[in-house]
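Single-letter residue listing:
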Amino acid sequence: MDEQIRCAEYRAIFSEPGLSRYSQSAVPSIHIIVKNGNVTLVGVADNEADKNLAGIRADGVPMFLG
């Protein structure tokens, strides 16, 4: 289930045009960690607005993916 959540989070965050650049390097600067259904974003954003946008996009993913 964690992998499904991580994939949904990835799509939600990096499909946003302002955040897609963070997924284009070999090691993305925003890491999505999911453990037992709990999501944590770790890493570096270029600015506070990008950080907040990533958090908003991550929070918008429903936890039930059934």
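To start, this report covers the structure provided alongside it. Keep in mind it's a predicted model, so treat the numbers as computed, not measured.

Thresholds, definitions, all that
- Residues numbered from 1 in each chain as written.
- Predicted model: local features only at pLDDT ≥ 70, side-chain atom pairs only at ≥ 80, totals over all residues.
- Heavy atoms only, no water.
- Helix = DSSP H or I, 4+ residues; strand = E, 2+ residues; numbered from the N terminus.
- Buried < 20%, exposed > 50% of the residue type's maximum accessible area, 1.4 Å probe, protein only.
- Core = buried A, V, L, I, M, F, W, Y, C linked by side-chain atoms within 4.5 Å.
- Contact = heavy atoms within 4.5 Å.

This next bit is on the environment of T40. You can see T40 is positioned in strand β2 (residues 38–43). For T40, a relative accessible area of 39% gives the class partly exposed. Separated by 15 residues in the primary sequence, T40 and G55 have C-alpha atoms spaced 9.4 Å apart.

Attention shifts here to the nonpolar core. Counting residues in each nonpolar core, the largest one holds 10 residues, listed as I5, I13, F14, L19, Y22, I30, I32, V34, A54 and A58. Of all the secondary structure elements, the ones that give two or more residues to this core are α1 (2–14), β1 (30–35) and α2 (48–59). Each residue touching F14, except ones within four places of it in the same chain, is listed here: L19, S20, Y22, S23, I30 and I32.

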